Amino acid sequence: LLLVSLAIAVHRFVSHKSVLIMKFAVATLLVASATAFTAPSFRQQTSSAFAPRVTELQAAKQAPHGGGELVDLIVKDDSEKTSLIESVDMEMQANPRQLCDVELIMNGGFTPLTGFMDEKTYSSVVESMALEDGTVFGLPVVFDTDDEDLKPGMKVLLKDGDRAIAIVEFTDKYVPDKPLECLKCYGTSAIEHPGALMVATERGKYYMGGKVTGLNLPIRDFPCRTPSEVRSELPDDKDVVAFQCRNPVHRAHYELFTRALDDPRVGDGGIVLVHPTCGPTQADDIPGDVRYKTYEVLKEETANPRVRWEYLPYSMHMAGPREAIQHMIIRKNFGCTHFIIGRDMAGSKSSVTGEDFYGAYDAQDIANENTDKLGVKPVPTLNLVFTDEEGYVTADYAKEKDLHIQKLSGTKFRQMLRGGEDIPEWFAFKSVVKVLRDNM
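Counting restarts for each chain, with residues numbered from 1 along the sequence as it is written. With pLDDT at 70 or above as the cut-off, local features in this predicted model cover only qualifying residues; side-chain atom pairs require 80 or more to be listed or tallied, and sums for whole chains, interfaces and linings still use all residues. In computing side-chain values, all of the structure's heavy atoms are included and hydrogens and water are not.

Peer 1: Now, about helix α7 (residues 194-201): what can you tell me, with residues and values included?
Peer 2: Under the scheme applied here, a residue whose accessible area is under 20% of the maximum for its type counts as buried, over 50% as exposed, and between as partly exposed, the area being computed with a 1.4 Å probe on protein chains only. We count a stretch as a helix when DSSP gives it H or I for four or more residues in a row; a strand needs E for two or more, and each element gets its number in order from the N terminus. Summarising burial for α7: 6 of the 8 residues are buried, a large majority. Within α7 the residues assigned to the buried category are Gly-195, Ala-196, Met-198, Val-199, Ala-200 and Thr-201.

Peer 1: Run through the packing of helix α11 (residues 321-333) against helix α12 (residues 362-374), naming residues and quoting values.
Peer 2: Two elements in contact, α11 and α12, have axes separated by 8 Å at closest approach and are oriented at 40 degrees. On the basis of their axis angle, the class for α11 and α12 is oblique. Crossing hand, α11 versus α12: right-handed. Of α12, the residues touching α11 (which contributes Pro-321, Ala-324, Ile-325, Met-328, Ile-329 and Lys-332) are Asp-362, Ala-363, Ile-366, Ala-367, Asn-370 and Leu-374. Note that Gly is not counted as nonpolar here; it falls among the polar residues with everything else outside the nonpolar set of Ala, Val, Leu, Ile, Met, Phe, Trp, Tyr, Cys and Pro and the charged set of Asp, Glu, Lys and Arg. Here the residues of the contact of α11 with α12 sort into 9 nonpolar, 1 polar and 2 charged. A fitted line through C-alpha atoms represents every axis, and for helices the fit uses only the stretch in contact; the resulting angles, taken between N-to-C directions, go from 0 to 180 degrees. Angular relationships are summarised with four words: roughly parallel below 35 degrees, roughly antiparallel beyond 145, roughly perpendicular across 65 to 115, and oblique for the angles in between. Definitions for this section: a left-handed crossing has its near helix turned counterclockwise from the far helix by less than a right angle. A right-handed crossing has that turn clockwise. Any two residues whose heavy atoms approach within 4.5 Å at even a single point are treated as in contact.

Peer 1: Just give me the short version of the sheet that holds strand β14 (residues 405-406), but keep the residues and values in it.
Peer 2: Pairing between strands is defined by DSSP: at least two bridges between the two strands are required. In space, the 3 strands of this open sheet follow the order β13-β12-β14, with antiparallel pairing throughout. The sheet is open, and its two edges are formed by β13 (391-394) and β14, each paired on a single side. Pairing geometry for strand β12 (residues 384-387) and β13, over 4 bridges, is antiparallel. Counted as the bridge partner of Phe-386 is Tyr-392 from β13. In this fold helix α9 (residues 251-259) packs onto β12 and β13, with an angle of close to 55 degrees to the strand it touches most, β13.

Peer 1: Which residues make up the pairing of strand β11 (residues 377-380), and what values go with them?
Peer 2: Where strand β10 (residues 338-341) meets β11, 4 bridges bridge the pair, whose relative direction is parallel. Its bridge partner being in β11, Phe-339 is matched across the sheet by Pro-378.

Take it as geometry only, folks, not as evidence of what the structure does.
Structure, rendered in structure tokens:
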């Protein structure tokens, strides 16, 4: 904690022009950490007013998170937008992570939030994984800044280039306890964790709470429909199983989410909503626009009527168990009743030692502990392997039948991809491979 505190203290006192250099200089020196991840305790029990109201059929159009109405903060009238823009005190460009967060606030993906978290709400989520009223919430949603001139009471227009996105009316400004935030939310204060590194070196000195008024959705390379739009096309009498991913979908992934429909937790006739995140993620991940192209060609190739495809403007934290909760909340707001959780979901490895920060089943455990509060049922993934004799089967079945298992590591796959070698079709779809090669 002292080491991350040192990184943050240095960040606070360096000049604006040297911030980036100093941040990364400090980052390279700090390798020690305090690691601890335990399922958070709740300071408050969820009140009946905020208890999830779920139908007996677990219908796709269940109540949004928090039990109230789906939040929609987007102004529809152009003249009203013009008047609001004329009332602001200043304009500023939103960074990619802020754009994702403000979009999910204004379109209802972060329901019941109606703005960036103030200090009390931030502290409650950090400490107890819940809003002040007890409603479960996985990670804080904050507006960060180094701007000394931003003050509570100011109205600021957030822009993406020339496009007006939202107005934030700030309510408070505070210096967050970043080491504690990292320890509670990521399970570690070590900046060898990508989420902790982001908090310590990318986020500004201050966090600010504020009410959001939406003006226009960002224009992206991939279409991100709102929760309301997605819900309008989901069946109202069938289970909807969400599959979250941040990488191209290969054969094993496809087998995982289609076979999830056979899980006894899922009702007859259920469908899968493949809902990839296309916002900022780990530095070595495939860019969002390329990932989007792989999803589109795969959607066309498979043409599976029980599989729907949508895209989420979400900024990954690699927060493991806490992020699993965040994803479940978002997918509930998009109308999903179930959520697929794989081994080490949203996990990450140390940039120093290469070791995993979370256990393989930590995300599944915390999801199971909170399923009643969330009103979403977790569906664990099968441990599938490809065999010469019977194709994809569970690892236990392959071992029992003494089947010959084929293996191909991600590293080897990337080497073959770059080298122009043939990729076995049991591992990857041809259409996906072509997109990846065309965009290398």
